[in-house]
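Given next are the chains, with one letter for each unit.
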Amino acid sequence: MKNQHDFFQGIMTVQVEGTLIEPFLQACIKRGCYITNMRRVDPSIVILTIRLKDWKTFRQLRKKYRCKLSIKSGKGVPFLLQQLVSRLSLLFAFIVAVVVIFILANTLWSIKVDGLSPELEADVESKLNTYGVSPGKLTIGMKDPIEIQQQLLEDIPDLLWIGVKKQGTSYHLYGVEKTRYDTDKNNRPSDLVATKKGMIIETFIKKGRPMVSVYDVVRKGQVLATGQLVEEEDTFVHSEGEVIAETWYRVAQTLPLKQVLMLTDGTVESEYHLKLGKFSIPVWGFWRGEDGDFREEIHGSDWNLFGFKIPIHIQTIDYYSIDRKAYESSKKEIEKLGLSSARSNLQQELDPDAEIKEEKVLHLSEENGKVKLILMYKVYENIAETKYISQGD
Amino acid sequence: MSKWQQQIRTWLSRYFDLPSDVMLDLPRITTIGSIHVYIENHTGLLHFSDEEVRIQYKQGQIRILGKDLGVKMMLKEELLLEGELKSVEFLPDSKGR
């Protein structure tokens with residue numbers, strides 16, 4: 001008698017034990033119970049199947065007939081539900097896990113911008129931020145890559161083109177920068193003047209009238225080319241050009257003969273701390289003694305969670321052991337060292353186009369364990385500078 | 001009195017050609033081969049085991065003998081037995097009829 005109705009109502013297999021089984025069953029039936037699949041297992045034990053709703057009647061009558069009831073098994077929706085409830089926590093955990101995975105899979109984890117200068121890259125990133133596109137945000141409800149692309153092109157005029165591609169949980173942007181040509185022509189009348197003293201080696205005046213020639217020695221501020229095209233006339237132009245001149249530099253250096261170098265020999269001991277806000281909890285390596293010379297390097301981790309900085313960090317302190325070594329060098333070596341360092345220093349100070357042509361040791365003396373070095377440098381560099389002419393009207 | 005009533009009933013069922021089980025309050029026993037027994041209009045199950053089932057009806061008892069007997073379904077006035085059936089015996093009450 002397995003039908004749909006029984007399945008929804010629930011049926012159960014019950015074992016009845018006692019001496020007055022038949023009268024008990026008779027009484028149950030009189031109250032409208034429905035008994036199926038009854039079998040006698042033992043003279044005093046009967047196994048039968050009843051409906052769940054008849055269970056109440058059975059319980060009420062069992063005392064009167066001194067029968068022992070025990071449930072063997074249950075079938076149907078009510079029992080399934082009961083099982084489900086007992087596993088509800090498991091079910092809940094499963095649902096939560098699915099939801100978490102879904103959220104994580106739909107979170108934007110990284111934005112990569114390629115092909116742009118750092119300034120423009122920062123600009124693009126900040127613009128993306130204002131659109132709500134930043135790492136840690138959900139991609140659900142975010143604009144389409146095509147929409148982002150159009151908006152970026154509209155908002156950043158320096159972009160010639162930008163490709164926005166969504167790759168899994170990251171956005172990949174590839175931009176092309178507009179090459180800017182100076183369209184604003186400077187037409188203010190101007191002269192070219194010397195920025196420093198020097199001897200002209202080469203002149204290349206694009207616009208204007210040259211006032212000096214090769215091998216002329218010019219002072220600082222002297223006019224090299226003028227915007228006044230014809231003498232005593234009022235036609236002025238914006239003069240442009242390069243004037244390469246030989247300039248001289250004097251470099252004085254004092255270097256000690258004896259040098260103490262701090263060398264790390266490669267042995268590193270690391271100490272780890274867990275930082276909670278301002279508190280620091282040593283985790284590993286804190287037993288390190290304070291012996292010997294050490295150089296400390298502190299690194300901290302930055303952990304972000306959904307765009308928020310979490311206040312827990314791991315701080316790593318690396319102790320590099322230092323070996324002090326004193327080097328005594330000869331005068332010759334010092335000279336060599338001084339020359340190379342002075343040269344690189346000078347090169348840094350000068351324009352990148354400038355060229356060091358010659359170097360000369362003018363003076364080399366040793367006193368009190370130090371070497372005094374005076375050097376002379378000959379440099380070819382552009383000394384022309386634009387100076388606007390005040391027309392005074 | 002009851003005997004007189006009984007006679008009236010028998011006469012009525014004969015005269016109007018009515019089913020006798022309804023009129024006479026007698027059990028209707030249907031067997032399907034020797035594997036199923038379907039008993040209607042009984043008044044109670046008296047004894048039940050693998051080999052013997054005894055059922056009460058108005059005027060006595062029915063004894064069903066067999067092997068591996070089991071109750072497939074039991075309602076207030078219906079009973080469906082299954083198993084290997086051997087015999088159905090009627091044991092009317094001595095005072096009845």
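Rules behind the numbers
Residues numbered from 1 in each chain as written. Chains lettered and ligands numbered in written order. Predicted model: local features only at pLDDT ≥ 70, side-chain atom pairs only at ≥ 80, totals over all residues. Heavy atoms only, no water. Helix = DSSP H or I, 4+ residues; strand = E, 2+ residues; numbered from the N terminus. Rg over C-alpha atoms; globule rule 2.2 N^0.38 Å. Buried < 20%, exposed > 50% of the residue type's maximum accessible area, 1.4 Å probe, protein only. Contact = heavy atoms within 4.5 Å. Areas by Shrake-Rupley, 256 points an atom, 1.4 Å probe, with all protein chains shown as cover. Lys, Arg positive; Asp, Glu negative; His and termini not counted. Charge placed at Lys NZ, Arg CZ, Asp CG, Glu CD. Salt bridge = Lys/Arg side-chain N within 4 Å of Asp/Glu carboxyl O. Domains from an automatic or database assignment. Pairing = 2+ DSSP bridges. Axes fitted to C-alpha atoms, helices over the stretch in contact; angles between N-to-C directions. Polar contact = N/O pair within 3.5 Å; in protein donor to acceptor, adjacent residues only side chain to side chain. Core = buried A, V, L, I, M, F, W, Y, C linked by side-chain atoms within 4.5 Å.

- The name given to chain B in an unreviewed UniProt entry is Sporulation protein YqfC, with the source organism recorded as Halobacillus karajensis.

- Per an unreviewed UniProt entry, the recorded name for chain A is Sporulation protein YqfD, and the organism is Halobacillus karajensis.

### Some details on the overall build of chain A
Then, in step 1: In terms of helices and strands, chain A carries eight helices and 22 strands.
Then, in step 2: For 393 residues, the compact-globule estimate of 2.2 N^0.38 gives 21 Å, and the C-alpha radius of gyration of chain A, at 46 Å, exceeds that figure by more than 25%.
Then, in step 3: Each principal axis of the C-alpha atoms in chain A carries an extent, and together these give about 140 × 65 × 30 Å.
Then, in step 4: Across the 393 residues that make up chain A, the buried fraction comes to 32%.
Then, in step 5: Once local pairs closer than 6 in sequence are excluded, the contacts in chain A between residues at least 24 apart make up 66%.
Then, in step 6: On chain A, roughly 25,900 Å² of surface is accessible, and the fraction owed to carbon and sulfur atoms is 54%.
Then, in step 7: Charge-centre separation for chain A: the mean point of 53 positive side chains lies 21 Å from the mean point of 53 negative side chains.

### Points about the pattern of salt bridges
Working definition: two side chains of opposite charge can pair if their charged atoms are close together.
Then, in step 1: For the structure shown, the criterion picks out ten salt bridges over all chains.
Then, in step 2: For Asp6 of chain A, the salt bridge is made with Arg51 of chain A, and the minimal N-O distance between the two is 3.3 Å. Of this pair, Asp6 of chain A sits in helix 1 (residues 4-9) while Arg51 of chain A is found in strand 3 (residues 45-51), placing the two residues 45 residues apart along the sequence.
Then, in step 3: Judged by its relative accessible area of 18%, Arg51 of chain A falls in the buried class.
Then, in step 4: In this structure, Lys357 of chain A engages Glu355 of chain A in a salt bridge whose closest nitrogen and oxygen atoms are separated by 3.3 Å.
Then, in step 5: Judged by its relative accessible area of 42%, Lys357 of chain A falls in the partly exposed class.
Then, in step 6: Looking at Glu355 of chain A, the relative accessible area reads 42%, which means it is partly exposed.
Then, in step 7: Through salt bridges that share partners, Glu52, Arg54, Arg63 and Glu89 of chain B make up one connected network.

### Observations concerning the domain arrangement of chain A
Then, in step 1: Considered domain by domain, chain A is made up of domain 1 (4-82), domain 2 (110-177), domain 3 (253-257 + 329-380) and domain 4 (261-324).
Then, in step 2: A separation of 36 Å is found between the C-alpha centroids of domain 2 of chain A and domain 4 of chain A.

### Brief notes about the sheet that holds strand 11 (residues 217-218) of chain A
Residues and elements named next belong to chain A.
Then, in step 1: Spatial strand order, 11-9-13-21-20: five strands in an open sheet with antiparallel pairing. Strand pairing shows two members of the sheet lacking a second neighbour, strand 11 and strand 20 (355-367), which therefore form its edges.
Then, in step 2: With seven bridges joining them, strand 9 (residues 198-207) and strand 13 (residues 240-256) adopt antiparallel strand pairing. Directly across from Ile200, in strand 13, lies its bridge partner Ala245.
Then, in step 3: Running over the sheet, helix 8 (residues 331-349) touches strand 13, strand 20 and strand 21 (370-382) and is turned about 35° from strand 21.

### A look at the environment of Asp216 of chain A
Residue and element names in this part refer to chain A.
Then, in step 1: Among the structural elements, Asp216 can be located in the loop between strand 10 (209-210) and strand 11.
Then, in step 2: Asp216 sits 15 residues away from Ile201 along the chain, and the two C-alpha atoms are 8.2 Å apart.
Then, in step 3: Filtering out sequence-adjacent residues up to four positions away, Asp216 remains in contact with Gly198, Met199 and Ile200.
Then, in step 4: At a separation of 3.0 Å, a polar atom in the side chain of Asp216 contacts the main-chain amide nitrogen of Ser213.

### Some points on the pairing of strand 8 (residues 190-194) of chain A
Residue and element names in this part refer to chain A.
Then, in step 1: Burial analysis of strand 8 places five of its five residues in the buried class, the great majority of the element.
Then, in step 2: Alternating residues of strand 8 divide into Ser190, Leu192 and Ala194 and Asp191 and Val193, and every residue in both groups is buried.
Then, in step 3: Pairing between strand 8 and strand 22 (residues 384-388): five bridges, direction antiparallel. When the bridges of strand 22 are listed, Ala194 appears paired with Ala384.
Then, in step 4: For strand 8 and strand 12 (residues 223-226), the ladder comprises two bridges, and the chain directions are antiparallel.

### A short note on the nonpolar core
Then, in step 1: In terms of nonpolar packing, the biggest core is built from 37 residues, with Phe24, Met38, Leu48 and Phe58 of chain A together with Ile64 of chain B touching the most fellow members.
Then, in step 2: With six residues, helix 2 (residues 21-30) of chain A is the largest single contributor of residues to this core.
Then, in step 3: Not counting chain neighbours up to four residues away, the residues in contact with Phe24 of chain A comprise Val16, Phe58, Leu61, Arg62, Tyr65, Cys67 and Leu69 of chain A.
Then, in step 4: Membership of the second largest hydrophobic core comes to 18 residues, among which are Val124, Leu128, Leu152 and Val164 of chain A.

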